Amino acid sequence: DIVTFMVAGHDTSAYTLSWILYELSANLDVQSKLRKDLELHGPDSKYLGYVIQEGMRLWPVAAQGSIRQLQHDVELEDGKIIPRGETCLVPFFAIFRSAWIDRADEFIPERWSEEGSQRKKLEEAVFPFSVGSRNCVGQRLASMQIRKILHQLILRYEFVLGKRP
Ligand code: HEM
């Protein structure tokens, strides 16, 4: 169990942080908006929450997603049935960039705000910690770490993309 926690709990949070910092470096307007919000509201900033959700939508570290065995038959929109007992892959990377999402490949934290027209649908469709009884047991710890670390880093440093030599 300790090994599982080490494996499941280390790279996951670290890579998520790295990807969010990458997006903030590539989107300097978002980075400065975030910095201002952190100065006003501290680590509980709502905008920080949107930045994290958007980073995890675009770059889910469990990109391949969850694998589950069906407990009952599932009927698809076209009428096809996937029978009970089949093993299904739920590909997070593809689902979180579905065609119905406006400008799905772009980093737009505002889409998660109360005013975001797709927010409700996004909250149902984007689940980087998976769902159900075997979802991520460490998600609260991870969310807290990512929030606190980003808060400290963004207030102290400005992140920019480096030039390749
Ligand atoms: C951003 C950070 C993290 C992400 C995105 C993430 C994502 C996930 C996902 C998608 C699953 C479900 C895998 C499946 O369906 O089979 C999972 C399971 C798990 N995670 Fe995380 N995780 C993160 C951080 C952590 C941390 C910090 C810990 C522990 C300290 C942790 C411990 C676990 C464990 C033990 C499981 C297996 C739970 C079970 O099978 O009942 N994770 N994680």
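Before any of the text, the structure's been laid out above.
Residues numbered from 1 in each chain as written. Predicted model: local features only at pLDDT ≥ 70, side-chain atom pairs only at ≥ 80, totals over all residues. Heavy atoms only, no water.

> Could you clarify how one ought to interpret the packing of aromatic side chains in this entry?
Remark: the centre distance and the inter-plane angle together describe each pair of aromatic rings, the angle taken between the planes. Summed over the entire model, instances satisfying the criterion amount to 8 aromatic pairs. Ring centres of Trp19 and Trp59 lie 3.9 Å apart, and the angle between their planes is 10 degrees; on these two criteria the pair is classed as stacked. A residue pair is termed long-range when its members are at least 10 positions apart, and Trp19 in helix α2 (residues 11–26) and Trp59 in the loop between α4 (46–58) and β1 (66–69) qualify at 40 residues. Classification of Trp19 by relative accessible area gives partly exposed; the value is 32%. Geometrically, the ring pair formed by Tyr157 and Phe159 is edge-to-face, given 6.4 Å between the ring centres and 75 degrees between the ring planes. Classification of Tyr157 as partly exposed rests on a relative accessible area of 48%. Each residue in the set Trp19, Tyr22, Trp59 and Phe93 is aromatic and connected to the rest through ring pairs, giving one cluster. The ring of Trp59 carries the charged tip of Arg97 above its face, separated from the ring centre by 4.8 Å. The ring centre of Trp100 lies 4.2 Å from the NZ or CZ of Lys121, which sits over that ring. (Phe/Tyr/Trp six-rings, centres within 6.5 Å; stacked < 30°, edge-to-face > 60°. Helix = DSSP H or I, 4+ residues; strand = E, 2+ residues; numbered from the N terminus. Buried < 20%, exposed > 50% of the residue type's maximum accessible area, 1.4 Å probe, protein only. Lys NZ or Arg CZ within 6 Å of the ring centre and 35° of its normal.)

> Could you clarify how one ought to interpret the coordination of the iron atom of the ligand in this entry?
Four donors placed tetrahedrally about a metal ideally form angles of 109.5 degrees, and six donors placed octahedrally ideally form angles of 90 or 180 degrees. In this structure the iron atom of the ligand is ligated by exactly one protein donor, Cys136 (SG), at 2.3 Å. Looking at the secondary structure, you find Cys136 in the loop between α6 (119–125) and α7 (139–156). (Donors = N, O, S within 2.8 Å, 3.2 Å for Na, K, Ca; no water.)

> Whenever I open this one, the site of the ligand confuses me. Can you help?
Residues in close proximity to the ligand total 24 residues, the closest being Ala8, Ser66, Arg68, Arg134 and Cys136. Contacts to the ligand include Arg68, whose side-chain N or O atom sits 3.0 Å from an oxygen atom. With respect to the ligand, the side chain of Arg134 contributes an N or O atom lying 2.7 Å from an oxygen atom. Counting atoms within 2 Å of the grid points, the majority share of the ligand lands in the largest pocket. Elements supplying a minimum of two residues to the shell around the ligand: α1 (2–9), α2, β1 and α7. When residues in the shell around the ligand are grouped by element, the largest group, 4 residues, is from α1. Per-class residue counts for the shell around the ligand are 13 nonpolar, 9 polar and 2 charged. (Near = heavy atom within 4 Å. Polar contact = N/O pair within 3.5 Å; in protein donor to acceptor, adjacent residues only side chain to side chain. 1 Å grid on protein atoms, 1.4 Å probe; cavity = no way out; pocket = protein on both sides within 12 Å on 5 of 7 lines; lining within 4 Å. Sits in = over half its atoms within 2 Å of the grid points. Nonpolar A, V, L, I, M, F, W, Y, C, P; charged D, E, K, R; others polar.)

> Would you explain the layout of surface pockets in this entry?
Left-over empty space is what a probe sized like a water molecule reveals as it rolls over the atoms. In this structure, the largest pocket spans a volume of roughly 1,000 Å³. Along the walls of the largest pocket sit 36 residues, with Ala8, Gly9, Thr12, Cys136 and Val137 positioned nearest its centre. For the lining of the largest pocket, the secondary-structure elements that each account for two or more residues are α1, α2, β1 and α7. Class assignment for the residues of the lining of the largest pocket results in 20 nonpolar, 12 polar and 4 charged. (Points joined across faces, edges and corners; volume = space filled by probe spheres on them.)

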